[in-house]
Each structure stands twice: as structure tokens, then as C-alpha cells.
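What follows is each chain in one-letter form.
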Amino acid sequence: NKTWEYLKTEKRDNGVAVVRLHRPDALNALCGPLMGELVSALKTMDADADVKAVVLTGSDRAFAAGADIKEMKDKNYAEVYKESMLTAWNEVSEIRKPIVAGVNGFALGGGCELAMMCDIIIAGENAVFGQPEIQLGTIPGAGGTQRLTRIVGKSLAMELVLTGSKFDAQLAEKRGLVSRVVPTDQTVDECIRVAEKIAKFSTPVIIAAKDCVNQSQELSLQQGLLYEKASFWGTFALSDRLEGMTAFKEKRKPNFTDT
Ligand code: CAA
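Criteria and cut-off values
Residue positions within a chain follow its written sequence, with the count starting from 1. Local features are withheld for residues below a pLDDT of 70 in this predicted model, meaning they are given only at 70 or higher, and side-chain atom pairs are given and counted only at 80 or more; totals for whole chains, interfaces and linings count all residues. Note that water and hydrogens are dropped before the side-chain values are worked out from all heavy atoms of the structure. Helix numbers and strand numbers start at the N terminus; a helix is a DSSP run of H or I with at least 4 residues, a strand a run of E with at least 2. As defined in this context, the radius of gyration uses C-alpha atoms, and a globule is described by 2.2 Å times the residue total to the power 0.38. Residue exposure (1.4 Å probe, protein chains only): buried if accessible area is under 20% of the type maximum, exposed if over 50%, otherwise partly exposed. We call two residues contacting when some pair of their heavy atoms lies within 4.5 Å. The Shrake-Rupley method, run with a 1.4 Å probe sphere, supplies the accessible areas, and residue values consider only the shown protein chains as cover. His residues and chain termini do not enter the charge count, which takes Lys and Arg as positive and Asp and Glu as negative. Every charge is mapped to an atom, namely NZ of Lys, CZ of Arg, CG of Asp or CD of Glu. Angles shown run from 0 to 180 degrees and are taken between the N-to-C directions of axes, each axis being a line fitted to C-alpha atoms and, for helices, limited to the stretch in contact. Angles below 35 degrees are treated as roughly parallel, those above 145 as roughly antiparallel, those between 65 and 115 as roughly perpendicular, and all remaining angles as oblique. Three classes are used, and their members are as follows: Ala, Val, Leu, Ile, Met, Phe, Trp, Tyr, Cys and Pro are nonpolar, Asp, Glu, Lys and Arg are charged, and the others, Gly among them, are polar. Pairing between two strands is assigned when DSSP locates at least 2 bridges connecting them. What makes a patch is a set of residues exposed beyond 30% relative accessible area and free of salt bridges, joined within 9 Å when like-charged and within 5 Å when nonpolar (Val, Leu, Ile, Met, Phe, Trp, Tyr). Any carboxyl oxygen of Asp or Glu within 4 Å of a side-chain nitrogen of Lys or Arg constitutes a salt bridge here. Ring pairs are drawn from Phe, Tyr and Trp, using the six-membered ring of Trp, whenever the two centres fall within 6.5 Å, and their geometry is named by plane angle: stacked under 30 degrees, edge-to-face over 60, tilted for the rest. Nearness of a residue to a molecule or strand requires only that one of the residue's heavy atoms be within 4 Å of it. Two N or O atoms form a polar contact when they lie within 3.5 Å of each other; inside protein one atom must be a possible hydrogen donor and the other a possible acceptor, and for residues adjacent in sequence the pair counts only when both atoms belong to side chains. Nonpolar core, defined: a set of buried Ala, Val, Leu, Ile, Met, Phe, Trp, Tyr and Cys residues in which side-chain atoms within 4.5 Å join the residues together.

Trainee: How do you make sense of the overall build of the protein chain when you look at a structure like this?
Mentor: Across its full length, the protein chain carries 11 helices and 10 strands. The C-alpha radius of gyration computed for the protein chain amounts to 19 Å, which stays within 12% of the reference 18 Å derived for 259 residues, consistent with globular compactness. Taken over 259 residues, the protein chain has a buried fraction of 44%. Across the protein chain, contacts joining residues at least 24 apart in sequence account for 66% of those joining residues at least 6 apart. In the structure as shown, the protein chain presents an accessible area of about 14000 Å², 55% of it carried by carbon and sulfur atoms. Between the mean site of the 32 positive side-chain charges and the mean site of the 34 negative ones, the protein chain shows a separation of 4 Å.

Trainee: Teacher, can you tell me more about the packing of helix α9 (residues 203-215) against helix α10 (residues 221-234) here?
Mentor: At a closest axis distance of 9 Å, the pairing of α9 and α10 adopts a crossing angle of 175°. The angle between the axes of α9 and α10 places the two elements in the roughly antiparallel class. Across the interface between the two elements, Asp211, Cys212 and Gln215 from α9 touch Tyr227, Glu228 and Ser231 from α10. Here the contact of α9 with α10 is composed, by residue class, of 2 nonpolar, 2 polar and 2 charged.

Trainee: I tried to follow the sheet that holds strand β6 (residues 106-108) on my own but got confused; where do I start?
Mentor: Note on sheets: strands pair through backbone hydrogen bonds, and any given pair is parallel or antiparallel. Strand order in the open sheet made by the 4 strands is β4-β6-β8-β9, with mixed pairing throughout. The open sheet is flanked by β4 (62-64) and β9 (167-168), the only strands paired with a single partner. Relative to β9, strand β8 (residues 128-130) runs antiparallel, the two sharing 2 bridges. Bridged to Val128 within β9 is Asp168. Running at roughly 90° to β6, helix α4 (residues 110-117) makes contact with β4, β6 and β8 of the sheet.

Trainee: Help me out: how do you make sense of a negative patch on the surface in this one?
Mentor: Where like charges cluster on the molecular surface, the negative patch consists of Asp60, Glu125, Asp185 and Asp189. Structurally, Glu125 is set in the loop between β7 (120-124) and β8.

Trainee: Looking at this structure, how should I read a nonpolar patch on the surface?
Mentor: A grouping of Phe232, Trp233, Phe236 and Met245 is seen on the molecular surface, where their side chains present a nonpolar patch of about 480 Å² in accessible area. When you line up the elements, Phe232 lands in helix α10. Among the residues examined, Phe232 registers a relative accessible area of 46% and is labelled partly exposed.

Trainee: Looking at this structure, how should I read the packing of aromatic side chains?
Mentor: Remark: the centre distance and the inter-plane angle together describe each pair of aromatic rings, the angle taken between the planes. Following the criterion strictly, the structure yields 3 aromatic pairs and no others. A ring pair is formed by Phe232 and Phe236, whose centres lie 5.6 Å apart and whose planes are at 80°; its orientation type is edge-to-face. Given a relative accessible area of 42%, Phe236 falls into the partly exposed group.

Trainee: Would you mind showing me how to read the site of the ligand here?
Mentor: Taken together, 25 residues lie around the ligand, and Arg61, Gly110, Glu113, Glu133 and Gly141 are the ones closest in. Between an oxygen atom of the ligand and a side-chain N or O atom of Arg61, the distance comes to 2.7 Å. Here Lys70 contributes a side-chain N or O atom positioned 2.9 Å from an oxygen atom of the ligand. Contributions of two or more residues to the shell around the ligand are made by α2 (69-72), β6 and α4. The element that contributes the greatest number of residues to the shell around the ligand is α2, accounting for 3 residues. Split into classes, the residues belonging to the shell around the ligand amount to 15 nonpolar, 4 polar and 6 charged.

Trainee: Quick question: what am I supposed to make of the environment of Lys73 here?
Mentor: Position of Lys73 among the secondary structure elements: in the loop between α2 and α3 (77-82). Within the structure, the side chain of Lys73 is placed 2.8 Å from the side chain of Asp74, a separation counted as a polar contact.

Trainee: Just to check I follow, could you spell out the nonpolar core for this structure?
Mentor: Considering soluble globular proteins, one finds that nonpolar side chains tend to be buried as a cluster. Formed by 50 residues in total, the largest nonpolar core has its most connected members in Leu38 and Phe129. Sorting elements by how many residues they give to this core places helix α1 (residues 32-47) first, with 7 residues. For Leu38, the residues in contact, after removing those within four places along its chain, are Leu7, Val19, Leu21, Leu56, Val92 and Leu114.

Trainee: What is the right way to read unusual backbone geometry from this model?
Mentor: Note: most peptide bonds trans; most residues except glycine with negative phi. If you check the backbone angles, Leu27 has positive phi at about 50° while not being a glycine. The residue Leu27 is located in the loop between β2 (16-21) and α1 in this model. A relative accessible area of 25% places Leu27 in the partly exposed class. Of note, the phi angle at Ser84 is positive, near 55°, even though the residue is not glycine.

The analysis is restricted to geometry; functional conclusions fall outside its scope.
Written out as C-alpha cells, the structure is:
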């Protein structure tokens, strides 16, 4: 459990690691150093054989209130182009193990985009989502026009991106942005429960399942079905596939070894 400036991390003993964004004086605004720490922590967990699923959360007041506006304010085009601003954020979506996001409070701009880079979102009743960038004279820059549109559909995404209006946990659930809404004080526990359920399974199979679902966002149906089939057949190269089916036949619990 390393010490970070902007995070609190906890490695639990049941295959679950928890990352909490911790920049309370700025509602977890996602400054460059915070995102650097987050990507670094997630990559370490991804490479850690003891970790099978990750929970990412913020505080009760804010998951994250967006990219750091004060950090961006005085940048010019040449600077943001040369540094490829926000490109490194996408590394969150390249983590191979599942990330369950627990969103309480504000998930605005980059905060909403960060949640959408995760695999499952569970929202607290007080969650507030939005892509308010238009109010700042800019547009979403970390997936808000792309991932949000794929999730909630064109009309609502257009309305949210063009008006900057915030939306609540109930609408987020209705439109499939989040799996479910729970009382705010139970969000993190619920995420941990989901992550623990995942962590009972075989790591290579968990990774393949996440990868295939994510490919559905990239590929045509026919290509996606082929991709899935190849991965499905690939599980027959794993001893955990044989163990899982043998345990079913023998009416016992499987003993997966991640091989
Ligand atoms: N960047 C930098 N600082 C931020 C911030 C942000 N995105 N959001 C909040 N803060 C800071 C505030 O400046 C304030 O700091 P000070 O006390 O030093 O003034 C502190 O956090 C607390 O915020 P407020 O006093 O504003 O709290 P509030 O309860 O009155 O309002 C809020 C909460 C509605 C979330 C409001 O803070 C807000 O509108 N924040 C900005 C939201 C936003 O526009 N996000 C999009 C950013 S752009 C982006 O993300 C681009 C992208 O695509 C990646």
C-alpha cells in the first residue's frame, strides 16, 4: 500500500485492490500529476498476480470534477498539441483487468470520461454526471463525445454535450451509463462485492471476457463474433477451463490456478 500524493490505494487479500482519488481541496480535479499516479497505480495492479479486479472511486462529494481547469487555462495550441494533452489518460482503458468505478457526487467532464473508461460503473444516489466543457468554451477531450454517445445514444449525448447540463444517477441508470444506483454510503462496498465476485474466477479468463466485451465497441458484429469465438476456443488451452467444467460435473467448487 504505497504512499501517493493524490491517491489512496489498498490491496485487499481477496484479489481486489481499491484506488481512491484523493485531492479533496479540488473535488478530485484530474491534474496531470494525479493522472500520472493513477495510471502508474493501475499498471502496477494490472501486473500484480494477486490482483484480479480493481475498484476506482473518489470521495462522497466527488468522483472527479473534471480535468484541472486551472492547469489548462493558460496553455496555447502548440503546447497542448506537442504534449498531446490528455492522450495518456486513455491508458486507463488499456488496463486488462476489470475496473469497477464507484461514483459518488460529481463525475463531470474528465470525471465522467474517466468513469466511462472503467468497465462497470455503480453510482451512489447523489451522483451527478455531465460533460460541461461547452460552458468553458471547449469540448470533451477524453472520450465524452465518443464513449457517452455509444452508451446513451445520439440524441441524449448531443443534448448533454451541447448544453453542458448535469444529469443524475437515475437517468444514468435508465440510459445504461451505470449498472445500478445504491445509497451513497454503500457505493464502495457494493463495488468491492462485485470485484470480489469477479476475483473468484481465473485471471486469464477474466481478461479475455473483458477484452471481448470491449471489442464489441470497436468491431462490426461479424468481426466481433469471430474475435469472441477465437477467444472462447482459446480458453480450451487453459487448465482452468478444464477445471471449471470438471468441477461442475463432479458437483464441487472449482479450484482455479490462473493457468
Ligand atoms: N479544475 C480545477 N479546480 C476545480 C475543478 C476543476 N475541474 N472543479 C472544482 N475545482 C476546485 C474549485 O476551483 C474550488 O477550489 P477553490 O476552493 O480553490 O476555489 C474547489 O475545487 C471546490 O469547488 P467549488 O467551490 O466550485 O465547489 P461547488 O460545490 O461550489 O461546485 C462544481 C462544484 C459544480 C463541481 C464546480 O466546482 C464546477 O463546476 N467545477 C468544474 C466542473 C467542470 O467544468 N468540469 C470539466 C472540466 S474540463 C474537462 O474535464 C475537459 C475534458 O474533457 C477532460
